[in-house]
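Here's the letter readout for the chains.
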Amino acid sequence: MGINIGICEMEAKNSACKDLRSNIIKVHADNTEGLGDILQYDELVDLDTAKGVVGDWESFLKRNRINAETDAVYICKVKKDEDLTLLKPLAKKVCTGWIEMEGLSDDQKKKALAAAGKDDIITGWDQLEFDEMNDMCAKCPLSWDKGRGCIGAFGPDNSKLPDIAARHNCPITASALESAKTQKKFTPADAEALLEEVEVLKKALPEEGKVYVNRYMGPVERMEAVAKISVAENCGWYFF
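About the criteria used
- Residues numbered from 1 in each chain as written.
- Predicted model: local features only at pLDDT ≥ 70, side-chain atom pairs only at ≥ 80, totals over all residues.
- Heavy atoms only, no water.
- Phe/Tyr/Trp six-rings, centres within 6.5 Å; stacked < 30°, edge-to-face > 60°.
- Helix = DSSP H or I, 4+ residues; strand = E, 2+ residues; numbered from the N terminus.
- Buried < 20%, exposed > 50% of the residue type's maximum accessible area, 1.4 Å probe, protein only.
- Lys NZ or Arg CZ within 6 Å of the ring centre and 35° of its normal.
- Disulfide = S-S within 2.5 Å.
- Arc of directions from axis to C-beta.
- Polar contact = N/O pair within 3.5 Å; in protein donor to acceptor, adjacent residues only side chain to side chain.
- Pairing = 2+ DSSP bridges.
- Salt bridge = Lys/Arg side-chain N within 4 Å of Asp/Glu carboxyl O.

Q: Honestly, the packing of aromatic side chains in this entry has me stumped. Any pointers?
A: Describing an aromatic ring pair means giving the distance of the ring centres and the angle of the ring planes. All chains considered together, the criterion is met by seven aromatic pairs. Relative to Phe239, the ring of Phe186 has its centre 5.8 Å away and its plane inclined at 90°; by these criteria the two rings are edge-to-face. With Phe186 in strand 9 (residues 185–186) and Phe239 in strand 10 (residues 237–239), this residue pair connects regions lying 53 residues apart in the sequence. For Phe186, a relative accessible area of 2% translates into the label buried. Across the ring face of Trp98, the terminal group of Lys26 is positioned such that the distance to the ring centre comes to 4.9 Å. For the cation-ring pair, Lys93 lies above Tyr41, with the distance from its terminal atom to the ring centre recorded as 4.9 Å.

Q: Which parts of the structure should I look at to understand the state of the cysteines?
A: Here, the word disulfide means a covalent bond between the sulfur atoms of two cysteines. Under the definition given, this model contains zero disulfides. Free of any disulfide, Cys8 has its nearest cysteine sulfur in Cys235, 6.6 Å distant. Among the residues examined, Cys8 registers a relative accessible area of 13% and is labelled buried. Cysteine Cys150 shares no disulfide, and the gap to the nearest cysteine sulfur, in Cys17, comes to 6.1 Å.

Q: In this structure, what is going on with unusual backbone geometry? I would like to understand it.
A: Leaving glycine out, the prevailing phi sign among residues is negative, and the prevailing peptide bond configuration is trans. For Arg65, which is not a glycine, the phi torsion comes out positive at approximately 55°. Position of Arg65 relative to the elements: it lies in the loop between helix 3 (57–64) and strand 4 (73–74). Its identity as a non-glycine residue notwithstanding, Asn234 has a phi of 55°, on the positive side. The residue Asn234 is located in the loop between helix 11 (210–233) and strand 10 in this model. On the basis of relative accessibility, which here comes to 57%, the residue Asn234 falls in the exposed class.

Q: I'm lost on helix 3 in this one. Help?
A: Along an α-helix, a turn takes 3.6 residues, which lines up residues three or four apart on a common side. Taken together, the buried positions of helix 3 are occupied by Trp57, Phe60, Leu61 and Asn64. The arc enclosing the buried residues of helix 3, seen along the axis, measures out at 95°, which places them on a common side. Within helix 3, the exposed residues directed more than 90 degrees away from the buried face are Glu58 and Lys62. One side-chain oxygen at the N-terminal end of helix 3 lies 3.1 Å from the backbone nitrogen of Glu58; it belongs to Asp56.

Q: I'm lost on the sheet that holds strand 5 (residues 92–95) in this one. Help?
A: Two pairing modes exist for strands in a sheet, parallel and antiparallel, and in both the strands are linked by backbone hydrogen bonds. If you trace the three strands from one edge of the open sheet to the other, you get 4-3-5, paired in antiparallel fashion. Only two strands of the sheet have a single neighbouring strand rather than two, namely strand 4 and strand 5. Note that strand 3 (residues 41–45) and strand 4 share two bridges and pair antiparallel. For Val45, the partnering residue across the bridge sits in strand 4 and is Val73.

Q: I would appreciate a short explanation of the pattern of salt bridges in the present structure.
A: Two side chains bearing opposite charge may form a pair once their charged atoms approach each other closely. Per the stated rule, a full pass over the model turns up eight salt bridges. Across the pair Lys88 and Glu43 runs a salt bridge whose closest N-O atoms are separated by 3.0 Å. Pair noted here: Lys88 is in the loop between helix 4 (81–87) and strand 5 and Glu43 is in strand 3, with a separation of 45 residues, a long-range link. For Lys88, a relative accessible area of 41% translates into the label partly exposed. Its salt-bridge partner being Glu208, residue Arg167 comes within 2.8 Å of it at the nearest N-O pair. Here the residue Arg167 occupies a position in helix 7 (residues 161–167), and Glu208 occupies one in helix 10 (residues 188–208), the gap between them amounting to 41 residues. The class for Arg167 is exposed, based on a relative accessible area of 55%. Take Glu208: its relative accessible area is 25%, and that puts it in the partly exposed class. Via salt bridges that share partners, Lys202, Glu224 and Lys228 belong to a single interconnected network.

As C-alpha coordinates, this is what we get:
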(Lines give C-alpha, C1' and ligand atoms only; values in the text may rest on other atoms or scores of the structure.)
Protein backbone atom coordinates (compact mmCIF):
# COMPACT_ATOMS: atom_id res chain seq x y z
CA MET A 1 0.00 0.00 0.00
CA GLY A 2 1.29 3.45 -0.88
CA ILE A 3 1.40 6.46 1.43
CA ASN A 4 0.63 9.91 0.00
CA ILE A 5 0.87 13.52 1.17
CA GLY A 6 -1.95 16.01 0.74
CA ILE A 7 -2.88 19.62 1.41
CA CYS A 8 -6.13 20.65 3.15
CA GLU A 9 -7.24 22.60 0.11
CA MET A 10 -10.49 23.82 1.69
CA GLU A 11 -8.49 25.79 4.27
CA ALA A 12 -6.25 27.53 1.73
CA LYS A 13 -7.11 31.06 0.67
CA ASN A 14 -5.96 30.58 -2.95
CA SER A 15 -7.35 27.11 -3.64
CA ALA A 16 -8.73 27.06 -7.20
CA CYS A 17 -11.25 24.32 -6.44
CA LYS A 18 -12.55 25.59 -3.09
CA ASP A 19 -15.63 27.38 -4.42
CA LEU A 20 -16.63 24.40 -6.57
CA ARG A 21 -16.09 21.96 -3.70
CA SER A 22 -18.16 24.21 -1.42
CA ASN A 23 -21.07 24.20 -3.87
CA ILE A 24 -23.10 21.13 -2.88
CA ILE A 25 -25.31 20.09 -5.81
CA LYS A 26 -27.01 17.03 -4.37
CA VAL A 27 -26.70 14.44 -1.62
CA HIS A 28 -27.80 10.84 -1.12
CA ALA A 29 -29.55 9.75 2.08
CA ASP A 30 -29.61 6.11 3.15
CA ASN A 31 -32.16 6.90 5.85
CA THR A 32 -34.95 8.90 4.21
CA GLU A 33 -37.22 9.12 7.27
CA GLY A 34 -38.48 12.65 7.87
CA LEU A 35 -37.15 14.06 4.60
CA GLY A 36 -40.57 14.28 2.99
CA ASP A 37 -41.01 15.87 -0.42
CA ILE A 38 -37.41 17.03 -0.83
CA LEU A 39 -36.51 13.50 -1.93
CA GLN A 40 -36.27 12.61 -5.61
CA TYR A 41 -38.29 9.79 -7.13
CA ASP A 42 -38.01 7.77 -10.32
CA GLU A 43 -41.07 6.75 -12.28
CA LEU A 44 -40.48 3.29 -13.67
CA VAL A 45 -42.19 0.22 -15.07
CA ASP A 46 -40.78 -3.25 -14.37
CA LEU A 47 -39.51 -5.10 -17.44
CA ASP A 48 -42.12 -7.86 -17.53
CA THR A 49 -44.97 -5.34 -17.38
CA ALA A 50 -43.37 -3.13 -20.03
CA LYS A 51 -42.73 -6.03 -22.39
CA GLY A 52 -46.36 -7.05 -22.06
CA VAL A 53 -47.70 -3.74 -23.40
CA VAL A 54 -45.19 -2.28 -25.88
CA GLY A 55 -45.23 -5.09 -28.45
CA ASP A 56 -41.92 -5.71 -30.21
CA TRP A 57 -39.39 -5.24 -27.40
CA GLU A 58 -36.35 -4.75 -29.62
CA SER A 59 -38.14 -2.11 -31.65
CA PHE A 60 -39.25 -0.36 -28.47
CA LEU A 61 -35.68 -0.19 -27.18
CA LYS A 62 -34.37 1.03 -30.52
CA ARG A 63 -36.91 3.79 -31.10
CA ASN A 64 -36.50 5.11 -27.56
CA ARG A 65 -32.70 4.62 -27.51
CA ILE A 66 -32.88 2.63 -24.29
CA ASN A 67 -29.98 0.33 -23.33
CA ALA A 68 -30.90 -3.34 -23.60
CA GLU A 69 -29.22 -3.95 -20.21
CA THR A 70 -31.65 -1.66 -18.36
CA ASP A 71 -33.15 -3.08 -15.16
CA ALA A 72 -36.51 -1.35 -15.71
CA VAL A 73 -38.12 1.16 -18.06
CA TYR A 74 -37.63 4.63 -16.64
CA ILE A 75 -40.36 6.99 -17.81
CA CYS A 76 -37.91 9.87 -18.16
CA LYS A 77 -36.01 7.81 -20.77
CA VAL A 78 -39.03 7.08 -22.97
CA LYS A 79 -38.96 9.42 -25.96
CA LYS A 80 -41.94 8.38 -28.06
CA ASP A 81 -45.36 9.77 -27.09
CA GLU A 82 -47.19 6.59 -28.08
CA ASP A 83 -45.02 4.56 -25.69
CA LEU A 84 -45.45 7.11 -22.93
CA THR A 85 -49.21 6.84 -23.30
CA LEU A 86 -48.99 3.09 -22.73
CA LEU A 87 -46.44 3.04 -19.94
CA LYS A 88 -47.03 6.11 -17.79
CA PRO A 89 -50.30 4.81 -16.22
CA LEU A 90 -48.40 1.65 -15.20
CA ALA A 91 -45.41 3.44 -13.65
CA LYS A 92 -44.52 3.26 -9.98
CA LYS A 93 -42.71 5.96 -8.03
CA VAL A 94 -39.52 4.70 -6.41
CA CYS A 95 -37.46 6.84 -4.04
CA THR A 96 -33.88 7.27 -5.25
CA GLY A 97 -32.58 8.66 -1.96
CA TRP A 98 -31.10 11.64 -3.83
CA ILE A 99 -31.88 15.23 -2.85
CA GLU A 100 -31.24 18.22 -5.09
CA MET A 101 -30.03 21.11 -2.92
CA GLU A 102 -31.01 23.98 -5.19
CA GLY A 103 -34.13 25.77 -3.97
CA LEU A 104 -34.17 24.18 -0.51
CA SER A 105 -34.51 26.25 2.64
CA ASP A 106 -31.62 26.38 5.12
CA ASP A 107 -33.44 23.97 7.43
CA GLN A 108 -34.06 21.51 4.59
CA LYS A 109 -30.40 21.69 3.57
CA LYS A 110 -29.33 20.95 7.15
CA LYS A 111 -31.62 17.89 7.25
CA ALA A 112 -30.35 16.66 3.90
CA LEU A 113 -26.69 17.03 4.88
CA ALA A 114 -27.30 15.36 8.25
CA ALA A 115 -28.76 12.32 6.46
CA ALA A 116 -25.93 12.03 3.92
CA GLY A 117 -22.63 10.24 4.39
CA LYS A 118 -19.44 12.12 3.54
CA ASP A 119 -19.05 10.00 0.39
CA ASP A 120 -22.63 10.66 -0.71
CA ILE A 121 -22.24 14.36 -1.50
CA ILE A 122 -21.94 15.66 -5.07
CA THR A 123 -20.32 19.08 -5.47
CA GLY A 124 -19.60 21.35 -8.39
CA TRP A 125 -16.08 19.91 -8.46
CA ASP A 126 -17.45 16.37 -8.93
CA GLN A 127 -19.34 17.47 -12.02
CA LEU A 128 -16.23 18.58 -13.89
CA GLU A 129 -14.70 16.42 -16.61
CA PHE A 130 -11.25 14.98 -15.82
CA ASP A 131 -9.61 17.28 -18.37
CA GLU A 132 -11.21 20.29 -16.68
CA MET A 133 -10.01 19.11 -13.26
CA ASN A 134 -6.49 18.53 -14.53
CA ASP A 135 -6.36 21.95 -16.17
CA MET A 136 -7.56 23.69 -13.00
CA CYS A 137 -5.10 21.73 -10.85
CA ALA A 138 -2.20 22.61 -13.15
CA LYS A 139 -2.91 26.32 -12.74
CA CYS A 140 -3.66 26.26 -9.01
CA PRO A 141 -1.18 27.89 -6.59
CA LEU A 142 -1.56 24.81 -4.36
CA SER A 143 -0.41 22.48 -7.12
CA TRP A 144 2.91 21.66 -5.49
CA ASP A 145 3.51 18.32 -7.27
CA LYS A 146 4.96 19.80 -10.49
CA GLY A 147 1.56 20.97 -11.70
CA ARG A 148 -0.13 17.62 -11.11
CA GLY A 149 -2.18 18.70 -8.10
CA CYS A 150 -2.03 19.06 -4.33
CA ILE A 151 -1.47 15.40 -3.48
CA GLY A 152 1.58 13.27 -4.22
CA ALA A 153 3.45 10.14 -3.24
CA PHE A 154 5.43 9.76 -0.03
CA GLY A 155 6.25 6.14 -0.74
CA PRO A 156 5.25 2.54 0.01
CA ASP A 157 4.29 1.50 3.52
CA ASN A 158 7.58 -0.40 3.78
CA SER A 159 9.61 2.74 3.06
CA LYS A 160 12.84 3.01 5.03
CA LEU A 161 12.66 6.81 5.06
CA PRO A 162 10.81 6.91 8.43
CA ASP A 163 13.52 4.72 9.95
CA ILE A 164 16.22 7.02 8.60
CA ALA A 165 14.28 10.04 9.90
CA ALA A 166 14.02 8.46 13.36
CA ARG A 167 17.78 7.98 13.51
CA HIS A 168 18.29 11.65 12.67
CA ASN A 169 15.71 13.04 15.13
CA CYS A 170 13.06 13.96 12.56
CA PRO A 171 9.84 12.92 14.37
CA ILE A 172 7.26 14.09 11.81
CA THR A 173 8.82 12.13 8.96
CA ALA A 174 9.54 9.21 11.28
CA SER A 175 5.84 8.96 12.17
CA ALA A 176 4.52 9.34 8.60
CA LEU A 177 3.18 5.78 8.32
CA GLU A 178 1.44 5.94 11.71
CA SER A 179 0.06 9.40 10.90
CA ALA A 180 -1.44 8.01 7.70
CA LYS A 181 -3.15 5.23 9.66
CA THR A 182 -4.56 7.58 12.29
CA GLN A 183 -5.44 10.28 9.72
CA LYS A 184 -3.60 12.89 11.73
CA LYS A 185 -3.91 16.44 10.42
CA PHE A 186 -0.82 18.64 10.64
CA THR A 187 -0.76 22.43 11.01
CA PRO A 188 1.30 25.22 9.36
CA ALA A 189 3.43 25.22 12.52
CA ASP A 190 4.12 21.53 11.92
CA ALA A 191 5.02 22.44 8.34
CA GLU A 192 7.70 24.81 9.62
CA ALA A 193 9.10 21.97 11.73
CA LEU A 194 8.98 19.69 8.69
CA LEU A 195 11.03 22.18 6.69
CA GLU A 196 13.73 21.89 9.35
CA GLU A 197 13.55 18.10 9.06
CA VAL A 198 13.88 18.36 5.28
CA GLU A 199 17.19 20.18 5.64
CA VAL A 200 18.43 17.50 8.05
CA LEU A 201 17.34 14.68 5.72
CA LYS A 202 18.93 16.27 2.65
CA LYS A 203 22.26 16.05 4.45
CA ALA A 204 21.57 12.68 6.05
CA LEU A 205 20.64 10.71 2.93
CA PRO A 206 24.11 10.91 1.30
CA GLU A 207 25.56 9.73 4.61
CA GLU A 208 23.20 6.75 4.57
CA GLY A 209 24.32 5.77 1.07
CA LYS A 210 23.80 6.65 -2.59
CA VAL A 211 20.95 4.16 -2.96
CA TYR A 212 18.97 6.07 -0.34
CA VAL A 213 19.59 9.37 -2.10
CA ASN A 214 18.14 7.91 -5.31
CA ARG A 215 15.23 6.30 -3.51
CA TYR A 216 14.19 8.95 -1.00
CA MET A 217 15.29 12.38 -2.17
CA GLY A 218 12.09 12.63 -4.22
CA PRO A 219 9.79 12.13 -1.20
CA VAL A 220 11.90 14.58 0.83
CA GLU A 221 11.51 17.22 -1.90
CA ARG A 222 7.77 16.57 -2.06
CA MET A 223 7.48 17.02 1.71
CA GLU A 224 9.35 20.29 1.33
CA ALA A 225 6.93 21.47 -1.35
CA VAL A 226 3.91 20.57 0.78
CA ALA A 227 5.35 22.30 3.82
CA LYS A 228 6.06 25.50 1.89
CA ILE A 229 2.48 25.59 0.57
CA SER A 230 1.10 24.93 4.06
CA VAL A 231 3.05 27.86 5.49
CA ALA A 232 2.25 30.21 2.59
CA GLU A 233 -1.47 29.37 2.56
CA ASN A 234 -1.84 28.88 6.34
CA CYS A 235 -3.56 25.54 5.77
CA GLY A 236 -3.24 22.03 7.12
CA TRP A 237 -1.71 18.96 5.49
CA TYR A 238 -1.64 15.22 6.09
CA PHE A 239 -0.30 11.79 5.19
CA PHE A 240 -2.82 9.27 3.90
